[in-house]
Amino acid sequence: MMTSPLLRPSLHHFLSLRLLGTVTPRTLAAERLAVAPSQGFAADALPVALTFEDPSAFRVKSFGELLRALGVFRLCSVPLLVNNCGKLMSVARTLLGKRGFALFLRPSVYAQFVAGESEGEITHSMEKMSSLGLRPMLAVPIEEDLGESTGERRYDDNLASMLECVSMSHRNAWSKDPMMQLKITALLSPELCVKLTTVLSEQQYDLDLLVRAMDGEPISFPGLQESENTHFLCGLQRLNKVGEASANKVRVLVDAEYTYMNPALSLVTMAMMKKFNQDGVWIWNTYQCYLKESRSLLLEDVRLSISESFCLGVKLVRGAYMDKERKLANNEGWSEPVHESWEHTNDSYNGSLDILLELISQDPERYRIIVATHNEESVRRAVQRMGELGIDKDGGSVCFGQLLGMCDHVSLTLAQQGYSVYKSVPYGSVDDTLPYLVRRAQENRTVLQGIRKERDLLRQELHRRLWQGLRQGR
């Protein structure tokens, strides 16, 4: 069990005086930079490769992969197509039929963003990724939103898929430190998560209560009706099975979703951390830095991990539900939960990143982070701070993450420089992954429409090969 010796005096002092006091996060970040200007971001001190301007990173890709990526990115840069991709794919599926649609999609969009369907296909993709120095982070493309709940049997089926994901991640030698992603709404209804969020606004549940429920104790949770309580107990026991299967084998990164259910998701994730993160970071939580409250939520969980004596894993993202969050806030007359500008979101992300890196430099066994971003400036900032704080680039406490099929110029360059880099890898049939792909495309439309640089680098590498082929043919 993780005990007080892990909290060295310097770390405890750092947390109590700088993170958990009355200083606001924005003031804290500004104060830190003002006190130690030498720790600020300095791009010119980084390796030249980390400008991410060199197309040679793509020399590991085949000619066909270059062509496919260019074609898919060209389509993804058209707003009309991205905004209406769900409707367009539905029409195409109707016209072509299930088999014809799969034949059309498999060599293009599906091959770009999905690892495959059978374990053989997935293994082939993962071995190729591993040969490039990248690590897979498998993601079962299952999730639900309000109105999509399908009953306990479906959630039990989803559990079987999650356990197979754990098993596949562990039994294959794709990565020395395997990870997978988990969406709690695949195992627990969104409606209950919303109800729990409402209950939690009035009273908090003790983490020990949830841990006991995970272990099978028939807990009666305040504020829930009998049917809701029964479903909650079933959901917690499903999550417990994932935790037991993955402990000391596979790191499970729990995704954040929408603000109207995130407090419930975080509560459940913290309970899983309390049970399974006593001697290492096996369960991770996600923090969406486009939310105004993200920094305070992160600091609260740092405090909670100390008071409850468990290790904390952080997946740091900017966030993907901005449009829906703003629309919902406007419709309901709520104050917008999302930062007013991209610059504020960047400040939020970089400030939270700085906090975690300082914590890791104090105690790398207790804290871990995956810098999950396609933003080059944040990647460079992380690399810069790691160097300044003496954090090992491949020590396991800090790693980087991007989506499969995107931002390869960043992923490949980082891997070539010796950093730990994971790619989020969905897998499954065309039918299983299509809703997932449509959702990701719409949520990441600003990323998809901003891939001009990657397209240019791909085009440069393609031209280089064509020119080289012509010269050799003379």
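Since the structure is predicted, the reported quantities are computational estimates derived from the model, not experimental observations. (Residues numbered from 1 in each chain as written. Predicted model: local features only at pLDDT ≥ 70, side-chain atom pairs only at ≥ 80, totals over all residues. Heavy atoms only, no water.)

Draft legend 1. Broad picture of the environment of Arg 459. One can find Arg 459 in helix H19 (residues 452–473). The class for Arg 459 is partly exposed, based on a relative accessible area of 32%. The spacing of Arg 459 and Ala 69 is 390 residues in sequence and 9.8 Å in space, taken between C-alpha atoms. (Helix = DSSP H or I, 4+ residues; strand = E, 2+ residues; numbered from the N terminus. Buried < 20%, exposed > 50% of the residue type's maximum accessible area, 1.4 Å probe, protein only.)

Draft legend 2. Examining the packing of helix H8 (residues 190–200) against helix H11 (residues 262–276) more closely. Here H8 crosses H11 at 90 degrees, and the two axes come no closer than 7 Å. Relative to H11, the element H8 lies roughly perpendicular. Touching Cys 193, Leu 196, Thr 197 and Leu 200 of H8 are Asn 262, Pro 263, Ala 264, Leu 265 and Leu 267, all from H11. Here the residues of the contact of H8 with H11 sort into seven nonpolar, two polar and no charged. (Axes fitted to C-alpha atoms, helices over the stretch in contact; angles between N-to-C directions. Parallel < 35°, antiparallel > 145°, perpendicular 65-115°, else oblique. Contact = heavy atoms within 4.5 Å. Nonpolar A, V, L, I, M, F, W, Y, C, P; charged D, E, K, R; others polar.)

Draft legend 3. Highlighting the confidence of the model for the protein chain. Predicted confidence across the protein chain gives a mean pLDDT of 86, with 86% of residues reaching 70 or more. Low pLDDT, under 50, characterises residues 1–10; the stretch is placed with 19 contacts to residues that sit more than four places away or in other chains. (pLDDT = per-residue confidence, 0-100.)

Draft legend 4. Representation of the sheet that holds strand E2 (residues 179–182). Ordered in space as E1-E2-E3-E4-E5-E6-E7-E8, the eight strands form a closed barrel in which the pairing is parallel. Averaged over all pairs of adjacent strands, the angle between their axes in this sheet comes to 30 degrees, without regard to strand direction. Here four bridges tie strand E6 (residues 367–372) to strand E7 (residues 398–403), and the two strands are oriented parallel to one another. Within E7, the position partnered with Ile 369 by the bridge is Val 398. Of the strands in this sheet, E6 and E7 touch helix H15 (residues 376–389), which is tilted by about 170 degrees from E7. (Pairing = 2+ DSSP bridges.)

Draft legend 5. Spotlight on the packing of aromatic side chains. Summed over all chains, the structure comprises four aromatic pairs. Ring geometry for Tyr 258 versus Tyr 260: centroids 5.3 Å apart, planes at 15 degrees, classification stacked. By the ring-pair criterion, three or more aromatic residues cluster together here, those being Tyr 205, Phe 221 and Phe 232. Above the plane of the ring of Tyr 349 lies Arg 318, whose end atom (NZ or CZ) is 4.4 Å from the centre. (Phe/Tyr/Trp six-rings, centres within 6.5 Å; stacked < 30°, edge-to-face > 60°. Lys NZ or Arg CZ within 6 Å of the ring centre and 35° of its normal.)

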